[in-house]
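# Chain and residue survey
So you can see what is in the structure, the chains are spelled out below.
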Amino acid sequence: MKRIVEYSISCFDGIIVYLFWAIPFRGMLNYHEEFQLFQTDSDYFFSHLCQKGGMAVYISEFLVQFYNNYWIGALMLALEFVLIQRLTLKILENINKAWSDRHSYLLYLVSLVPMLIVWFVLGDINVMHSLVIAVIIALSLTYLLICIIHNNIYRCIGAVFAVAAYIWLAGAHHYRIPSMILDLSNIYNPKTIELLDYDLLVRANRWEQVIRKAEKQQPDLPQSVCATNLALGMTNQMGHRAGEFFQNGPEGLFPPFRKDPFSTLTTAEVYFQLGLINTAQRYYFEAMEAAPNYKKSCRCIRRLAETNLINGQYGVARKYLHILEKTHVYKKWAQRTLSMIDDGEQSIIKHPLYGRLRRMKLNEDFLYSDQEMDKVCGRLLLQDHEDKGEINVLAMQYMLLYPLLENNYDKFVQYMHLVRNEVPYTQEFASFEKYLRKQ
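Residues numbered from 1 in each chain as written. Predicted model: local features only at pLDDT ≥ 70, side-chain atom pairs only at ≥ 80, totals over all residues. Heavy atoms only, no water.

Bringing the overall build of the chain into the picture now. When helices and strands are tallied, the chain shows 24 helices and zero strands. Looking at the chain alone, contacts between residues at least 24 apart form 69% of all its contacts between residues at least 6 apart. Roughly 20600 Å² of accessible area belongs to the chain as shown, and the carbon and sulfur atoms make up 60% of that amount. (Helix = DSSP H or I, 4+ residues; strand = E, 2+ residues; numbered from the N terminus. Contact = heavy atoms within 4.5 Å. Areas by Shrake-Rupley, 256 points an atom, 1.4 Å probe, with all protein chains shown as cover.)

Here we come to the pattern of salt bridges. Evaluated as defined, the whole model comprises 20 salt bridges. When the shortest N-O distance is used, the salt bridge between lysine 375 and glutamate 372 registers 3.6 Å. Counted as one network, the salt bridges with shared partners bring together Glu33, Glu34, Asp199, Arg203 and Arg299. (Salt bridge = Lys/Arg side-chain N within 4 Å of Asp/Glu carboxyl O.)

Let us look at the packing of helix α17 (residues 314-324) against helix α18 (residues 331-342). With their axes 8 Å apart at the nearest point, α17 and α18 run at an angle of 155° to one another. Judged on the interaxial angle alone, α18 and α17 are roughly antiparallel. Between α17 and α18 the crossing geometry is left-handed. Between α17 and α18, the contacting residues are Tyr314, Ala317, Arg318, Leu321, His322 and Leu324 on the first element and Lys331, Trp333, Ala334, Thr337, Leu338, Ile341 and Asp342 on the second. Tallied by class, the residues present in the contact of α17 with α18 amount to eight nonpolar, two polar and three charged. (Axes fitted to C-alpha atoms, helices over the stretch in contact; angles between N-to-C directions. Parallel < 35°, antiparallel > 145°, perpendicular 65-115°, else oblique. Left-handed = near helix turned anticlockwise from the far one by under 90°. Nonpolar A, V, L, I, M, F, W, Y, C, P; charged D, E, K, R; others polar.)

With that out of the way, let us pick up empty space enclosed by the protein. Evaluation of the coordinates by the stated rule reveals four cavities of 30 Å³ or more. In terms of lining residues, the largest cavity is bounded by 13 residues, among which Gln36, Ser60, Glu61, Met128 and His129 are the most central. If you tally residues by element for the lining of the largest cavity, the top one is helix α4 (residues 54-64), at four residues. (1 Å grid on protein atoms, 1.4 Å probe; cavity = no way out; pocket = protein on both sides within 12 Å on 5 of 7 lines; lining within 4 Å. Points joined across faces, edges and corners; volume = space filled by probe spheres on them.)

Turning next to helix α11 (residues 207-216). Within the sequence span of α11, burial applies to Trp207, Val210, Ile211 and Ala214. An end-on view of α11 places all buried positions within 95° of arc, on one side of the element. (Buried < 20%, exposed > 50% of the residue type's maximum accessible area, 1.4 Å probe, protein only. Arc of directions from axis to C-beta.)

Its 13 residues give helix α22 (residues 393-405) an end-to-end C-alpha distance of 19 Å, which sits within 8% of 18 Å, the value for a rise of 1.5 Å per residue. Within α22 the residues assigned to the buried category are Leu394, Ala395, Met396, Gln397, Tyr398, Met399, Leu400, Leu401, Tyr402, Pro403, Leu404 and Leu405. Asparagine 407 sits one or two positions beyond α22 and adopts a positive phi of about 60°. (Expected span 1.5 Å × (residues − 1).)

Time to look at the packing of helix α16 (residues 298-310) against α18. Following both chains from N to C, one finds α16 and α18 inclined at 10°, their axes separated by 12 Å at the closest point. Relative to α18, α16 is oriented roughly parallel. Taking contact as the criterion, the partners of Arg302, Glu306 and Leu309 in α16 are, on α18, Trp333, Thr337, Met340 and Ile341. Per-class residue counts for the contact of α16 with α18 are four nonpolar, one polar and two charged.

Turning our attention to the environment of glutamate 61. Structurally, glutamate 61 is set in helix α4. Looking at glutamate 61, the relative accessible area reads 5%, which means it is buried. Glutamate 61 sits 67 residues away from methionine 128 along the chain, and the two C-alpha atoms are 9.4 Å apart. When near neighbours in sequence (up to four residues on either side) are disregarded, glutamate 61 contacts Gln36, Phe38, Tyr44, His48 and Lys295. Here lysine 295 takes part through its side chain, which lies 2.8 Å from a polar atom of the side chain of glutamate 61. (Polar contact = N/O pair within 3.5 Å; in protein donor to acceptor, adjacent residues only side chain to side chain.)

What follows concerns the side chain of histidine 48. Here histidine 48 shows up in helix α3 (residues 42-49). By relative accessible area, which is 4% here, histidine 48 ends up buried. In contact with histidine 48, other than residues within four places in its own chain, are Gly54, Met55, Val57, Tyr58, Glu61 and Lys295.

Both trends apply: most residues other than glycine have a negative phi, and most peptide bonds are in trans. The backbone phi angle of tyrosine 188 is positive, close to 50°, even though this residue is not glycine. Looking at the secondary structure, you find tyrosine 188 in the loop between α9 (155-169) and α10 (190-203). A positive phi angle, close to 55°, is found at asparagine 236, a residue other than glycine. By secondary structure assignment, the location of asparagine 236 is in the loop between α12 (222-234) and α13 (238-241). Among the residues examined, asparagine 236 registers a relative accessible area of 34% and is labelled partly exposed.

It is worth spelling out the layout of surface pockets at this point. The computed volume of the largest pocket comes to approximately 400 Å³. As for the largest pocket, its lining consists of 18 residues, and the residues nearest its centre are Asn68, Arg203, Ala204, Arg302 and Tyr330. Those elements that place two or more of their residues in the lining of the largest pocket are α5 (70-95), α10 and α16. If you tally residues by element for the lining of the largest pocket, the top one is α16, at four residues. For the lining of the largest pocket, the residue count by class is seven nonpolar, four polar and seven charged.

This part covers a nonpolar patch on the surface. A cluster of nonpolar side chains, namely Leu106, Leu109, Val110, Val113 and Ile117, defines an oily patch on the protein surface of about 430 Å² accessible area. Here isoleucine 117 is to be found in helix α7 (residues 104-121). Assessed through its relative accessible area of 49%, isoleucine 117 is described here as partly exposed. (Patch = residues over 30% accessible without salt bridge, like charges linked within 9 Å, V, L, I, M, F, W, Y side chains within 5 Å.)

Given below as structure tokens:
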């Protein structure tokens, strides 16, 4: 009966952990997955094997790649947390069996402590999942050592083996930034969690969910405002709904470049969707290179393959796609994309995303200031209409909203006249015209 109660409570604990990571903190799982690149080849394995603690990192990265689906990622974390609790309980029970029989429920409560500590520490996004694996390895070796001692089997040799195995398998450093330690101020920081959730939704192009999230709580950080405006633009709602949300000026459309992986990806997505492919490519590359632990990023590698594909740089695109071929999660996508390149130019042109962005992208390179992004959007809009007979609706919305966020109504009127004279009238900027009449 006692065991049934214990296992039932452990299952309940696992369910709580699962729901915790799968719903409110799913963005953290996405963040860990997008800033690593687990590869299945032998070189990648042996490069970890020769490092202190490399096995914990290798096993961790193998598991984290499945965070691409955060429901699966949350399930794996729940199982790992329950395993930590059960191993701790086994160790406590074997230290003094007579005492443990009399105080079994107290021991169960004590066995929760390591799990809760790991749970707490993982609230810092720079603490990597390898810490969980290292704790499991340490507890497993401790339990093994206790069994060796109780059975009087080579006690000294067993102790040396356990210590050596821990150093080699688990290591001691599992923080993303090598020169820093745990940042208590960043433990489950609400603002950080908010940005990670926006990052997840933007990555998945779930524009309606971005808007619903902004409706529940006003975005007030540059990246969350940027994500909300992009979602409004992608759903053609920018003209009549941008005023419903907090705006922090033109930076809410194009946040200034910051050389860190955390804030660059949302901005890169804006440039990508607008058709500014070269700028998007630079942002994705810089985001990956700015990773403090020097890991590559599966998300950035994929986008770099796509930007080169759109630009017609097939040799470079193949290089990135061959890297993704060595992964579990992105292998099939990489193979499909390579087949599309092999099928010829028409397969790219007919692709719903790549073909559209190739038609939208600027035909020639030029230098521009990040303080004049409205003019760049105007150039995108007019080029598409004049050369291709298409309308870059997203660029039009960004061009018209930009002067409004600058409080430059004269420029806004000029842009409205430009759109009215040069571009066929569409419902997407009718809402901007209504705004103009109110001024």
